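For reference, the chains in residue letters:
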Amino acid sequence: KQWYQRRVAITAGEIFRVFYDRLVADSDRDWLFTFTKEVSQRCLQRDFDVLFASLTSDDKPITEDNLRSLLFCDFSNPKADFPKPYLEVKSIEKLRILVEGQLEEFNNMSKKPMDLVMFRFAIEHVSRISRILKQPRSHALLVGVGGSGRQSLTRLAAYMADYVLFQVEIGKGYTSFEWREDLRRILRKGAESETHSVFLFTDTQIKEESFLEDINNLLNAGEVPNIFPMDEKQEIQDAMRKIDKTREKAKQTDGTPLALFNMFIDRVRDQLHIVLAMSPIGGAFRSRLRKFPSLVNCCTIDWFQAWPEDALEIVAHRFLEDVELSEEHRNGVVEICKNFHESTRNLSIKFEQQLGRHNYVTPTSYLELIYTYKNLLGKCREKVAYQRKRYTVGLEKLDSARSQVSQMQSDLQALQPQLVVASKEVDEIMVIIERDSIEVAKTEKIVKAEELIANEQASVAKGIKDECDADLAEAIPILEQALAALNTLTPSDVTIVKSMKSPPPGVRLVMEAVCILKGIKPDRVNDPATGKKVEDFWKPSQKLLGDMKFLQSLKDYDKDNVPVAFVKKIRATYIPNPEFVPEKIRQASNAAEGLCKWVRAIEAYDRVAKVVAPKKAALAIAESKFAEAQKSLNAKRAMLKEVQDKLQSLRDKFEENTKKKKVPTATLR
């Protein structure tokens, strides 16, 4: 009897997995459930309610919801040896604990952990996906709206089955070229290893319809025509040849390229399971099923219907467990969330019936509802806590102010005598301040008049000084050029001039001028032409040139006190002489050129200095007057500062006494 009961249960389970899971409309599912009951009564001569009485806790007839508990899987006993038996699940709670343990292991190993709530609905679909993956050459079509858990549950089922999961990563520049590369990589890994693999592909990854055409070919024939180039095809055949040699003799191929590639295709069909996750929203899903029939014909369909009430309740409890709520309030919030979601779903059905338009209420919407509640609750609690803190702080300040007022009132009585004394002192200081303010004003008036006089004298002195500087600006550059020319001369240059026996006329002319400015008298010698005595400067010039400090004496020459007779003779005899110019003197001697520039510079400077001298005298007088005025002004300023400091001291004392006077009044306030 037990064996018979097990056979009936597994048969009923397979009927519902093969047919029931493919149905969309509730009326179709109701019909299948009713028809199964009728067939059971008619063919097995057994009451359906009696056969599955273990699925309900009361004596009521079996319903579709009760049959949700009819689950078979091969992972209910993790200690079982491979191949694991496909057994009926006796306790959903134990299976939930087992699946949660597997999920925890997956999250510990995976770089992308999944935050899943393993409620009954999720466990049902995990067992369905596992059943599909364990069947030979089987593929799955998971149909449901976004957020229903299709991808997450597929990853978990593949992990529990020890299968390798592949999924392409779609980027911005992803094209059919990258798609074919990924597809070749997945096919080779799926066939060349001994481990089964799962290729998870979603409708959001369909950037080109050719992707689905390749998937359709894989589902139907296990290959994509002409996907492998010849060199890669050769590599596949070599890999298959190695695997073929390890198989039993009877199963080995004849070793031809065609046979080896067919072996590759067979291994792909045996070991690669394709799981398609698609959404029924919009017309694209229907269109793709019509264009690519293998999506239906070669796949086991698993419809992810709307979450039942128990799933909504468990999910709400799970995501609200970190919120500080009483048990009563938490249950109330869960009920409200369920009510919102269910009422919205019912209104969407009514909306579709009346207007023919779909409004999809997805699990993601339900999770967003819970997150919104948590965020609003957190903000409201922060606001209440802030208001409560303000209220508490306000009460504390009021209490503190009350005690301070009481203390101030007692202090006021003690400060009353001081107030009388301070008022008297303030009145006395005020009289002194008024008297001293008049004196300060008079002193300020005198100082301002003195400042005007000093400023006028400073302006006059500055004007005279500017005139002197302007006049000297003409001669100073010439003098500087002459000194620069002297700096270029060396003792050897001077020695050359000195050693001349019969110097050129230009050299004689320059040295005569230098001797005149230096105050050296000429020798009187006989003139060979006339026999008379004439003045000759050459021998004195040689003595002068022989002086080791000759050049330095020219640089240190007192240009401001040149004797009038010297300058007069230079101007009368040499300056007008057309031969006494540096350009012509250079032809005779470079050293003489520098000395010529020096003589001319001394004459120019003296000419300007004679004009500037009276102005300098006037400048000295003006500066002397300005210094006296400035001295007088500084004395007046010192006197003013003394009076101002005295007045400021009185004002400070006045302010201090005024504050003392105001202390009792402020205390009273």
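Everything quoted here is computed from the prediction, not taken from an experiment.

Definitions and cut-offs
Residues numbered from 1 in each chain as written. Predicted model: local features only at pLDDT ≥ 70, side-chain atom pairs only at ≥ 80, totals over all residues. Heavy atoms only, no water. Buried < 20%, exposed > 50% of the residue type's maximum accessible area, 1.4 Å probe, protein only. Helix = DSSP H or I, 4+ residues; strand = E, 2+ residues; numbered from the N terminus. Pairing = 2+ DSSP bridges. Right-handed = clockwise from strand over helix to strand, strands pointing away. Patch = residues over 30% accessible without salt bridge, like charges linked within 9 Å, V, L, I, M, F, W, Y side chains within 5 Å. Areas by Shrake-Rupley, 256 points an atom, 1.4 Å probe, with all protein chains shown as cover. Salt bridge = Lys/Arg side-chain N within 4 Å of Asp/Glu carboxyl O. Core = buried A, V, L, I, M, F, W, Y, C linked by side-chain atoms within 4.5 Å. Contact = heavy atoms within 4.5 Å. Axes fitted to C-alpha atoms, helices over the stretch in contact; angles between N-to-C directions.

A.B. asks: What's the story with the pairing of strand β5 (residues 197-202) in this structure? I'm lost.
C.D. replies: Residues in a regular strand point their side chains to alternate faces of the sheet. A large share of β5 lies buried, amounting to six of its six residues. Of the two faces of β5, the one carrying S197, F199 and F201 and the one carrying V198, L200 and T202 are both buried. In this sheet, β5 lies alongside strand β4 (residues 164-166) in parallel orientation, the contact comprising three bridges. Paired with L165 across the two strands is V198, which belongs to β5. On the question of chirality, the crossover connecting β4 to the parallel β5 by way of helix α8 (residues 176-192) is right-handed. As paired strands, β5 and strand β6 (residues 272-278) are joined by six bridges and run parallel to one another. Note on β6: the bridge partner recorded for L200 is V275.

A.B. asks: Sorry if this is basic, but what is going on with a nonpolar patch on the surface here?
C.D. replies: Together, Y391, L395 and L398 give the surface a local cluster of nonpolar side chains, amounting to about 350 Å² of exposed area. Its place among the elements puts Y391 in helix α16 (residues 363-488).

A.B. asks: Is there a simple way to think about the pattern of salt bridges in this case?
C.D. replies: If charged atoms from side chains of opposite charge come close, those side chains can pair. Considering all chains together, one arrives at 35 salt bridges under this definition. For R17, the salt bridge goes to D21, with nearest N and O atoms at 2.8 Å. Like D21, R17 is buried. With a shortest N-O distance of 2.6 Å, D399 and R402 are connected by a salt bridge. Of this pair, D399 and R402 both sit in helix α16, three residues apart, roughly one helical turn. The exposed category is assigned to R402, whose relative accessible area is 53%. What you see here is one network of salt bridges that share partners, running through R17, D21, R120, E124, R128 and D302.

A.B. asks: What's the story with the nonpolar core in this structure? I'm lost.
C.D. replies: Generally speaking, a soluble globular protein has its nonpolar side chains buried in company with each other. Counting residues in hydrophobic clusters, the biggest one holds 50 residues, and the most contacted among them are L95 and M118. For this core, the secondary-structure elements that each account for two or more residues are α5 (92-109), α6 (120-134), β3 (140-143), α7 (150-160), β5, α14 (309-320), α15 (327-355) and α16. Here this core takes seven residues from α6, the largest share from any one element. Beyond its immediate sequence surroundings of up to four residues, L95 is in contact with L71, C73, F75, S76, V89 and I123. Core analysis: the second largest hydrophobic core is formed by 41 residues, V143, V168, L187 and L260 among them.

A.B. asks: Quick question: what am I supposed to make of the sheet that holds β3 here?
C.D. replies: Whenever strands of a sheet pair, they do so through backbone hydrogen bonds, lying parallel or antiparallel. Strand order across the open sheet formed by five strands is β4-β5-β6-β3-β7, with parallel pairing between neighbours. Each edge of the open sheet is held by one strand with a lone partner, namely β4 and β7 (300-303). The mean inter-strand angle of the sheet, taken between neighbouring strand axes irrespective of direction, is 20°. Bridging between β3 and β7 involves four bridges; their strand directions are parallel. Its bridge partner lying in β7, L142 is registered against D302.

A.B. asks: Just checking my understanding: could you explain unusual backbone geometry for this structure?
C.D. replies: Apart from glycine, the bulk of residues carry a negative phi angle, and the bulk of peptide bonds sit in the trans form. The phi torsion at R137 lies on the positive side, around 50°, for a residue other than glycine. In this fold, R137 is placed in the loop between α6 and β3. Of note, D162 is a non-glycine position whose phi angle comes to about 60°, a positive value. Along the chain, D162 falls in the loop between α7 and β4. Under the relative-accessibility criterion, D162 is labelled exposed at 62%.

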